[in-house]
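Understanding the architecture of this molecule
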Amino acid sequence: NEDILITRYEVELLANGVIKIDSVPQQTGGTRVSYDLSFEMNRIFFSLPQAVVQFRVRAVDNKNLKSEWSPRISAQNAQPQPPDNFTAAGSLNLIDLSWEVPDEDDIAGYNLYVGTTAGFTPALNNRIYSGSNTSFVYITSTYSVQYFKIRSVDKFGQESLDAVSSAAPETPFA
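Heads up: these notes are all about the structure in this document.

So, how was this worked out
Residues numbered from 1 in each chain as written. Predicted model: local features only at pLDDT ≥ 70, side-chain atom pairs only at ≥ 80, totals over all residues. Heavy atoms only, no water. Pairing = 2+ DSSP bridges. Helix = DSSP H or I, 4+ residues; strand = E, 2+ residues; numbered from the N terminus. Axes fitted to C-alpha atoms, helices over the stretch in contact; angles between N-to-C directions. Phe/Tyr/Trp six-rings, centres within 6.5 Å; stacked < 30°, edge-to-face > 60°. Buried < 20%, exposed > 50% of the residue type's maximum accessible area, 1.4 Å probe, protein only. Lys NZ or Arg CZ within 6 Å of the ring centre and 35° of its normal. Arc of directions from axis to C-beta. Contact = heavy atoms within 4.5 Å. Core = buried A, V, L, I, M, F, W, Y, C linked by side-chain atoms within 4.5 Å.

**Points about the sheet that holds strand S7 (residues 107–115)**
The strand order across the open sheet formed by four strands is S8-S7-S10-S11, and the pairing between neighbours is antiparallel. A strand with exactly one partner marks an edge of an open sheet, and here the two such strands are strand S8 (127–131) and strand S11 (163–167). Strand after strand, the sheet turns through a mean of 20° between neighbouring axes, direction not considered. Two strands pair when backbone bridges link them, and S7 and strand S10 (residues 146–154) are joined in this way by eight bridges, in the antiparallel orientation. When the sheet's bridge partners are listed, Val114 is paired in S10 with Phe148.

Structure below.
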């Protein structure tokens with residue numbers, strides 16, 4: 001009578017209708033088995049990296065018999081943190097904006113928005129910058145206070161909450 005031993009686990013990953021199966025070897029010494037979906041593997045499995053992935057797992061024994069799938073669980077990449085130390089400083093006909101990279105590994109860039117009131121809603125029509133620089137010069141002939149909101153964007157395209165700042169350009173009409 002041969003002993004039946006779990007030799008590996010199959011992990012099913014589901015995102016945007018695409019299903020992939022990965023294999024994880026059984027750990028020795030009775031340790032808990034864990035699974036880490038790295039950004040690189042996420043991209044390999046799904047072409048475009050997915051922020052939300054559903055998982056389920058089943059055991060496979062030394063006779064290649066497979067258990068039932070576990071219930072699905074969903075995992076989501078955490079929303080990025082907003083940029084740090086966001087500042088706006090007015091100069092003649094322009095406003096200098098700068099910020100610092102938040103302490104995160106998956107920041108891909110930033111979206112910067114402008115409005116004429118503090119409570120404006122960021123949208124495509126008021127986005128003035130999208131990129132990876134940590135400064136921007138906003139040229140304007142509007143000499144009233146301008147309000148700015150900036151959001152970090154991670155590798156999955158998720159935006160952070162807003163960091164806010166405001167300033168007025170210096171007027172040439174003194």
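**A look at the packing of aromatic side chains**
Within the structure shown, the criterion is met by eight aromatic pairs. Summarising the aromatic geometry, the rings of Phe45 and Phe46 are spaced 6.3 Å apart at their centres and angled 75° between planes, so their arrangement reads as edge-to-face. Taken as a pair, Phe45 and Phe46 share a single burial class, namely buried. Each ring, one from Trp99 and one from Tyr129, has its centre 6.3 Å from the other, and the planes form 50°; the classification is tilted. Of the two residues, Trp99 sits in strand S6 (residues 94–100) while Tyr129 sits in strand S8, which places them 30 residues apart along the sequence. No difference in accessibility class separates Trp99 from Tyr129, as the two residues are buried. A connected cluster of aromatic rings, assembled from ring pairs, spans Phe86, Trp99, Tyr110, Tyr129 and Phe136. Lying over the aromatic face of Phe120, Lys149 brings its terminal NZ or CZ to 4.8 Å of the ring centre.

**A few points about helix H1 (residues 39–46)**
Restricting attention to buried positions, one finds in H1 the residues Phe39, Asn42, Phe45 and Phe46. Along the axis of H1, the buried positions cluster into a sector of 125°, meaning they face one direction only. Contacts made by the buried residues of H1 are with strand S1 (6–15), strand S2 (18–25) and strand S3 (52–61). Remark: Ser47 follows H1 within two positions and exhibits a positive phi of approximately 65°.

**Re the sheet that holds S1**
Spatially, S2-S1-S3-S4 is the arrangement adopted by the four strands of the open sheet, whose pairing is antiparallel. Looking at the sheet topology across the chains shown, the edges are occupied by S2 and strand S4 (73–76). If you compare each strand with its neighbour and ignore which way they point, the axes differ by 30° on average. Sheet topology note: the S1/S2 ladder contains eight bridges and is antiparallel. Bridge pairing links Arg8 to Pro25 in S2.

**Brief notes about the nonpolar core**
Judged by nonpolar contacts, the single largest core of 16 residues is most densely connected at Phe86, Leu97, Trp99, Leu112 and Phe148. Every element with two or more residues in this core is listed here: strand S5 (84–91), S6, S7, strand S9 (135–139), S10 and S11. Ranked by residues supplied to this core, first place goes to S7 with four residues. Val11, Leu13, Phe45 and Phe55 belong to the second-largest nonpolar core, a separate cluster that totals nine residues.

**Describing the side chain of Gln146**
As for its placement among the helices and strands, Gln146 is situated in strand S10. Overall, the relative accessible area of 4% leaves Gln146 in the buried class. Once you skip the residues sitting within four places of it in the chain, Gln146 turns out to touch Ile95, Val114, Gly115, Tyr138, Ser165, Ser166 and Ala167.

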